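If you want the building blocks of each chain, they are given just below.
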Amino acid sequence: MSPETVPTASGATATVPMVRAERVSKSFGSNQVLKSISLEVKRGEVMCLVGPSGSGKSTFLRCINHLERVDAGRLTVDGVLVGYEERGDKLYELRPKVAAAQRRDIGMVFQRFNLFPHMTALENVMEAPVLVKGANKAKAAARGRELLERVGLGHKADAYPAHLSGGQQQRVAIARALAMDPKLMLFDEPTSALDPELVGEVLDVMKALAASGMTMIVVTHEMGFAREVADSLVFMDGGVVVEAGDPVEVLSNPQHQRTKAFLSKVL
Ligand code: ADP
Ligand code: MG
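A quick note: this is a predicted structure, and the numbers were derived from the prediction, not measured.

Here we take up the side chain of Lys 26. In this fold, Lys 26 is placed in strand β1 (residues 19-28). A relative accessible area of 9% places Lys 26 in the buried class. At 2.9 Å, the side chain of Lys 26 forms a polar contact with the backbone oxygen of Arg 69. Residues contacting Lys 26, with those up to four places away along its chain left out, are Asn 31, Gln 32, Val 33, Leu 34, Thr 59, Cys 63, Glu 68, Arg 69, Val 70 and Asp 71.

This is the structure we're talking about:
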């Protein structure tokens, strides 16, 4: 047994990273969008992923979350290969049911909140646990209220999305993702669609989530958040990782011209 797979007392494998990409590539037709991406996010860590539009950030998150399938390289979440099953030395595409089961452990928050407009905040948060996990309705409601409290919206449980601000809707979307008890949370520009005065309340919720030990990958242009909260900062451009490291170091002393040029635009 390699040191990587030694189980701990809790049954978890302590040294397996939550996300590991090894030379991951992905093309759409002749457009190679991810070019041999390698990176790692350890359990409990926050990684901020930055880079210009079109650099492949969303595609990378979508690969982690089973929304796209990598064409080459190895992508694992919690030690389990994403999208494929390994039998012997051959890879087989995962059956949709197996993929769906793996996907339940991953929460994703998009730029657009995508709440169900005909459901209250609480109903939005309860939906997946009840429908997908078959959770008891009363229990799901109690837990839903708890999660809404946690994002500062206990008093809005019965409000419909149309009556909530963008920042409040995004906080409901975070609560909704948390309702499935994910072990990993992916954020794809969660504050980009918000009016500037609403950005802080969403970042505060994400900050608290990070402090609670959640493993997170956050695509964002909020460099203050990256500096303060992230354990690592990855700069992508043209489908490659140009530079990665400690956020404070990368931000204050970028090594590559492309990183410098990008940062000069967003800082
Ligand atoms: P980013 O999130 O960094 O802005 P994306 O991952 O969204 O970048 O996109 C990277 C490239 O992949 C872009 O050129 C985009 O047009 C292309 N792309 C993304 N999704 C698809 C798709 N489903 N089909 C074809 N091309 C796509
Ligand atoms: Mg994107």
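What surrounds ligand 1 is the set Phe 28, Asn 31, Val 33, Pro 52, Ser 53, Gly 54, Ser 55, Gly 56, Lys 57, Ser 58, Thr 59 and Glu 68. Between an oxygen atom of ligand 1 and a main-chain N or O atom of Gly 54, the distance comes to 2.7 Å. One of the side-chain N or O atoms of Lys 57 is found 2.8 Å from an oxygen atom in ligand 1. Considering ligand 1 on its own, with 560 Å² of exposed area, one finds that the protein chains cover 59% of that surface. For the shell around ligand 1, the secondary structure elements donating two or more residues are β2 (31-41) and α1 (57-64). Considering every element that reaches the shell around ligand 1, the biggest residue donor is α1, with three residues. Of the residues belonging to the shell around ligand 1, the class tally is three nonpolar, seven polar and two charged.

This paragraph deals with the layout of surface pockets. Its boundaries defined by the atoms lining it, the largest pocket holds a volume of some 530 Å³. Along the wall of the largest pocket there are 18 residues; nearest its centre are Arg 103, Ile 106, Met 108, Ala 128 and Met 180. If one sorts the elements of the lining of the largest pocket by residue count, helix α3 (residues 121-133) sits on top with four residues. A breakdown of the residues in the lining of the largest pocket according to their chemical character gives 10 nonpolar, four polar and four charged.

Glancing now at helix α5 (residues 166-178). The end-to-end C-alpha distance of α5 is 18 Å, a good match for the 18 Å that 13 residues give at a rise of 1.5 Å each. Burial within α5 is extensive, with 13 of its 13 residues counted as buried.

A separate point is the confidence of the model for the chain. Counting all residues, the mean pLDDT for the chain is 94, and 95% of those residues have values of 70 or more. Here residues 1-6 scores under 50 on pLDDT; set against residues more than four positions off or in separate chains, the count is 11 contacts. Overall fold confidence for the complex sits at a pTM of 0.94, while the interface term, ipTM, reaches 0.98.

So, on to the packing of aromatic side chains. All chains considered together, the criterion is met by one aromatic pair. Across the ring face of Tyr 84, the terminal group of Arg 69 is positioned such that the distance to the ring centre comes to 5.9 Å. Above the face of the Tyr 92 ring, Arg 87 is positioned so that its terminal group lies 4.1 Å from the ring centre.

Calculation rules
- Residue numbering note: each chain is counted from 1, following its sequence as written.
- Key to labels: chains lettered from A, ligands numbered from 1, both in the order written.
- Local features in this predicted model are restricted to residues of pLDDT 70 or higher, and side-chain atom pairs are both shown and tallied only at a pLDDT of 80 or more, whereas totals for entire chains, interfaces and linings draw on every residue.
- Side-chain numbers come from the whole structure's heavy atoms, not from hydrogens or water.
- By definition, any uninterrupted DSSP run of H or I lasting at least four residues is a helix, any uninterrupted run of E lasting at least two residues is a strand, and each is numbered from the N terminus.
- Exposed residues in this analysis have more than 50% of their type's maximum accessible area, buried residues have under 20%, and partly exposed residues fall in between, with area computed by a 1.4 Å probe over protein chains only.
- In protein, a polar contact requires one atom able to donate a hydrogen and another able to accept it; more generally it is a pair of N or O atoms within 3.5 Å, and residues adjacent in sequence count only if both atoms are side-chain atoms.
- In what follows, residue pairs with any heavy atoms lying within 4.5 Å of each other are defined as contacts.
- We define proximity as follows: a residue is near a molecule or strand when any one of its heavy atoms falls within 4 Å of that partner.
- All accessible-area figures derive from a Shrake-Rupley calculation using a 1.4 Å probe, and residue coverage is judged against the displayed protein chains alone.
- Polarity classes work like this: nonpolar for Ala, Val, Leu, Ile, Met, Phe, Trp, Tyr, Cys and Pro, charged for Asp, Glu, Lys and Arg, and polar for all others, with Gly in that last group.
- Put simply, the grid is 1 Å and covers the protein atoms alone, a cavity is a trapped set of points that fit a 1.4 Å probe, a pocket is an open set with protein on both sides within 12 Å along at least five of seven lines, and lining residues have an atom within 4 Å of a point.
- Grid points are joined across faces, edges and corners, and a volume is the space filled by probe spheres set on the points.
- What a helix is expected to span follows from its residue count: subtract one and scale by 1.5 Å.
- Values of pLDDT, which run from 0 to 100, indicate the predictor's confidence residue by residue.
- Ring pairs are drawn from Phe, Tyr and Trp, using the six-membered ring of Trp, whenever the two centres fall within 6.5 Å, and their geometry is named by plane angle: stacked under 30 degrees, edge-to-face over 60, tilted for the rest.
- To sit over a ring, a charge needs its Lys NZ or Arg CZ within 6 Å of the ring centre and within 35 degrees of the ring normal.

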